[in-house]
Amino acid sequence: MSVRTVLQHADITRALTRISHEILESNRGSDDLVILGIPTRGVTLANRISAIIESVDSAVIPAGALDVTMYRDDLAQNPTRPTRPTDIPHGGIDGKTVVLVDDVLYSGRTIRAALDALGDLGRPRAVRLAVLVDRGHREFPIRADFVGKNLPSSMEERINVRLEEIDGVDEVTIG
Amino acid sequence: MRHLLTTQGLPRDEAIAILDVAEDMAAVGEREVKKLPTLRGKTVINLFFEDSTRTRISFEAAAKRLSADVINFAAKGSSVSKGENLKDTAQTLAAMGADAVVVRHWASGAPKTLADSGWIDAGIVNAGDGTHEHPTQALLDAFTIRRRLHGSASRGRDLDGVSVTIVGDIVHSRVARSNVWLLTTLGAKVTLVAPATLLPVNLSGWPVDVSFDLDHAIAQGPDVIMMLRVQGERMAAAFFPNAREYSKQWGLNDERMRALPASSMVMHPGPMNRGLEISAAAADSPQSTVLDQVRNGVSVRMSVLYHLLSGAVER
């Protein structure tokens, strides 16, 4: 199967800029927002969204990381996974609107785990979900509130998100 | 990882993976909800043939924080004191559905016997066997050293170039053995300091330097000085003239504490004989990591249980 690039650097930046505006719009401003990325690439995206919101709204939006490894339901099916740091910004998540950020939304199992993980850390007023790519094939009643690109795909296809901070290049490929 | 029986031969990458997950487990210990759902439905049995309060409760806390069910089995007052052998005990635990068995035994090699026997399918963690090994103690010591040296930048790092001096009853110490293997695997330089009577007769194959002079070893300014407990219960014969003599020659007293660089950490696996191998001032100084070691023990054991009980089963 051939690999093709579906999003390039400019596309990713545009998508994240739009998502940032949508977050501000739906939240009616930047009050009580906390952006939490799911490692690894969700954290990078969360930081970028936080920076974009800061540049348009000139408010500092706390961004952090939420590791969901220990909450996954497939730990017995795969080799032991390393954990990643969870970093909850000062001020916590109680009463806040938490926007979870991940690179690809697929089965929804990661987000299910993330909701459980959040519940052990506090009680947000609301939880929203932002993803760069929604590739379908949901196995849970979960949907994203903010989507960079809907990318219908077959389950055999691999979607690869590369980000400059980690991979040296911004691109999304499918193949 | 199927079992954790020894640190001898534990690959560097695997050791670092355990320490890295322990970093995240330490963060869980600071939350309001100190619990993860990871091992729900798993049963961990603490099988202790030898008294040990701190190791047992540390393993118990670790298993409970991961939501495993914990059964404590102390040999005293059990079927073992009525003459049951290890095989029957193991098969009983297997029939109860143990997923992991944490074993403390007075006989060196007992955990390995359990792991190799086929009597029980569970993952085995060696929680100290005779004078052989105590791998989770070494892992928590390595974790404590790494954290004191590198703080929040610890992840992924080893102990390259760190000088560690281990002092005292080496011959009876499983803590010393596990630490020698693990710390050298991680790149540390280990020096043993002890009276000749408390050193193993044959040290060939041990990647260590040996010294008989504690003051000389302290003058080298080690990054870490680890004081071992004088194990009265394992000494049938007299290995040194008396406690005062030992303390004078081999104890970390206030004078030696002053000679130690302010950056050196003072470790002790506990329980301490204050006034014998370590003075109260040394044990309670800011350089002492004794309480950190206890705290980190839970995080490291959570990581070990996670590595044993998660992941596709490799059988």
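All of these numbers come straight from a predicted model, not from anything done at the bench.

Attention now goes to the pairing of strand 5 (residues 163–167) of chain B. Residue and element names in this part refer to chain B. Most of strand 5 sits out of view: four of its five residues are buried. Strand direction decides the pairing type here: strand 5 and strand 6 (residues 189–193), joined by five bridges, are parallel. Looking at the pairing, T165 lines up with T191 of strand 6. In terms of handedness, the path from strand 5 via helix 6 (residues 174–185) over to strand 6 forms a crossover that is right-handed. Sheet analysis places strand 5 next to strand 8 (residues 224–227), joined by four bridges and oriented parallel. Residue pairing across strands places V164 opposite V224, the latter belonging to strand 8.

A separate point is the interface of chain B and chain A. Taken residue by residue, the interface counts 17 residues in chain B and 16 residues in chain A. With both sides pooled, the region where chain B packs onto chain A buries about 1300 Å², and carbon together with sulfur makes up 58% of that total. Across the chain B-chain A interface, the total number found is one salt bridge. For R31(B), the salt bridge goes to D120(A), with nearest N and O atoms at 3.8 Å. Remark: the boundary between chain B and chain A carries seven residue pairs in polar contact (both at pLDDT 80 or more). Breaking the side of chain B that touches chain A down by element, the ones donating at least two residues are helix 1 (12–28) and helix 11 (290–309) of chain B. Residue contributions to the side of chain B that touches chain A peak at four residues, all from helix 1 of chain B. Within the side of chain B that touches chain A, the residues separate by chemical class into eight nonpolar, four polar and five charged.

Moving on to helix 3 (residues 109–119) of chain A. Three or more residues of helix 3 of chain A are buried, namely T110(A), I111(A), A113(A), A114(A), A117(A) and L118(A). Axial view of helix 3 of chain A: buried residues confined to an arc of 155 degrees, hence all on one face.

Residue and element names in this part refer to chain B. As far as domains go, chain B holds domain 1 (12–134 + 294–309) and domain 2 (135–289). Here domain 1 and domain 2 have C-alpha centroids that lie 25 Å from each other. At the junction of the two partners, domain 1 supplies 29 residues and domain 2 supplies 31 residues. Here domain 1 packs against domain 2, burying approximately 2500 Å² in sum over the two surfaces, 55% of which is carbon and sulfur. Per-residue buried area on domain 1 facing domain 2 is highest for L19, E23 and H134; these three make up 26% of the total on that side. Where domain 1 meets domain 2, there are 16 residue pairs in polar contact (both at pLDDT 80 or more). For the side of domain 1 that touches domain 2, the elements supplying multiple residues, two or more each, are helix 1, helix 2 (53–65), strand 3 (100–105), strand 4 (123–129) and helix 11. No other element matches helix 1, which puts ten residues into the side of domain 1 that touches domain 2.

What follows deals with the nonpolar core. Within the largest apolar cluster, 87 residues are counted, with the highest numbers of intra-cluster contacts made by L139(B), I145(B), I166(B), I170(B), L183(B) and L192(B). The element best represented in this core is helix 1 of chain B, accounting for nine residues. Looking at this core, you find at least three residues from each of domain 1 (12–134 + 294–309) and domain 2 (135–289) of chain B. Leave out the neighbours within four places in its chain, and L183(B) touches A142(B), I145(B), L159(B), V164(B), A188(B), V190(B) and M226(B). One finds I19(A), L24(A), I35(A) and L163(A) within the second-largest nonpolar core, a separate group that totals 28 residues.

A word on the sheet that holds strand 2 (residues 69–74) of chain B. All names here are of chain B. Taken in spatial order, the four strands line up as 2-1-3-4 in an open sheet, and their pairing is parallel. Every other strand in the sheet has two partners, leaving strand 2 and strand 4 as the edge strands with one partner each. Each neighbouring strand pair of the sheet contributes to a mean axis angle of 15 degrees, computed without reference to strand direction. Strand contacts of helix 2: strand 1 (43–48), strand 2, strand 3 and strand 4, with the helix running at about 180 degrees to strand 1, the strand carrying the most contacts.

Our next topic: the packing of helix 5 (residues 135–150) of chain B against helix 6 of chain B. Residues and elements named next belong to chain B. Running from amino to carboxyl end, helix 5 crosses helix 6 at an angle of 55 degrees, the nearest separation of the two axes being 8 Å. Compared by their axis directions, helix 5 and helix 6 come out oblique. As helix 5 packs across helix 6, the resulting crossing turns out to be right-handed. Along its contact with helix 5, which presents P135, Q137, A138, L139, D141, A142 and I145, the element helix 6 presents V175, S178, N179, L182 and L183. Looking at side-chain class alone, the contact of helix 5 with helix 6 contains eight nonpolar, three polar and one charged residues.

The rules behind each value
Sequence positions are assigned chain by chain, starting from 1 and proceeding in written order. Labels follow written order: the first chain is A, the first ligand is 1, and so on. Owing to the predicted nature of the model, reporting of local features is limited to residues with pLDDT of at least 70; listing and counting of side-chain atom pairs is limited to 80 or more, with chain, interface and lining totals taken over all residues. Hydrogens and water molecules were not included; the side-chain quantities draw on all heavy atoms of the structure. Categorising residues by exposure relies on relative accessible area from a 1.4 Å probe, with only protein chains included: less than 20% of the type maximum marks a residue as buried, more than 50% marks it as exposed, and the intermediate range marks it as partly exposed. A run of DSSP states H or I qualifies as a helix once it reaches four residues; a run of E qualifies as a strand once it reaches two. Both are numbered from the N-terminal end. When DSSP finds at least two bridges between two strands, those strands are taken to pair. Clockwise travel from the first strand over the helix to the second, with the strands pointing away from the viewer, marks a crossover as right-handed. Note on contacts: a residue pair qualifies if any of its non-hydrogen atoms lie within 4.5 Å across the two residues. When two parts are brought into contact, each loses some accessible area as probed by a 1.4 Å sphere; the total of that loss over both is the buried area. Any carboxyl oxygen of Asp or Glu within 4 Å of a side-chain nitrogen of Lys or Arg constitutes a salt bridge here. Polar contact is defined as a pair of N or O atoms within 3.5 Å, subject to the rule that within protein one atom must be able to donate a hydrogen and the other to accept it, and that residues adjacent in sequence are counted only when both atoms are side-chain atoms. Each residue receives one of three labels: charged for Asp, Glu, Lys and Arg, nonpolar for Ala, Val, Leu, Ile, Met, Phe, Trp, Tyr, Cys and Pro, and polar for the others, Gly being one of them. Note that the arc is defined by the directions from the helix axis to the C-beta atoms. Boundary definitions for the domains trace back to an automatic or database domain assignment. Buried Ala, Val, Leu, Ile, Met, Phe, Trp, Tyr and Cys residues that are joined via side-chain atoms within 4.5 Å together make up what is termed a nonpolar core. Angles here are taken between N-to-C directions and fall from 0 to 180 degrees, while the axes themselves are lines fitted to C-alpha atoms, restricted in helices to the stretch in contact. We call two directions roughly parallel when the angle between them is under 35 degrees, roughly antiparallel when it is over 145, roughly perpendicular when it lies between 65 and 115, and oblique otherwise. A clockwise turn of the near helix away from the far one marks a right-handed crossing, whereas an anticlockwise turn of less than a right angle marks a left-handed crossing.

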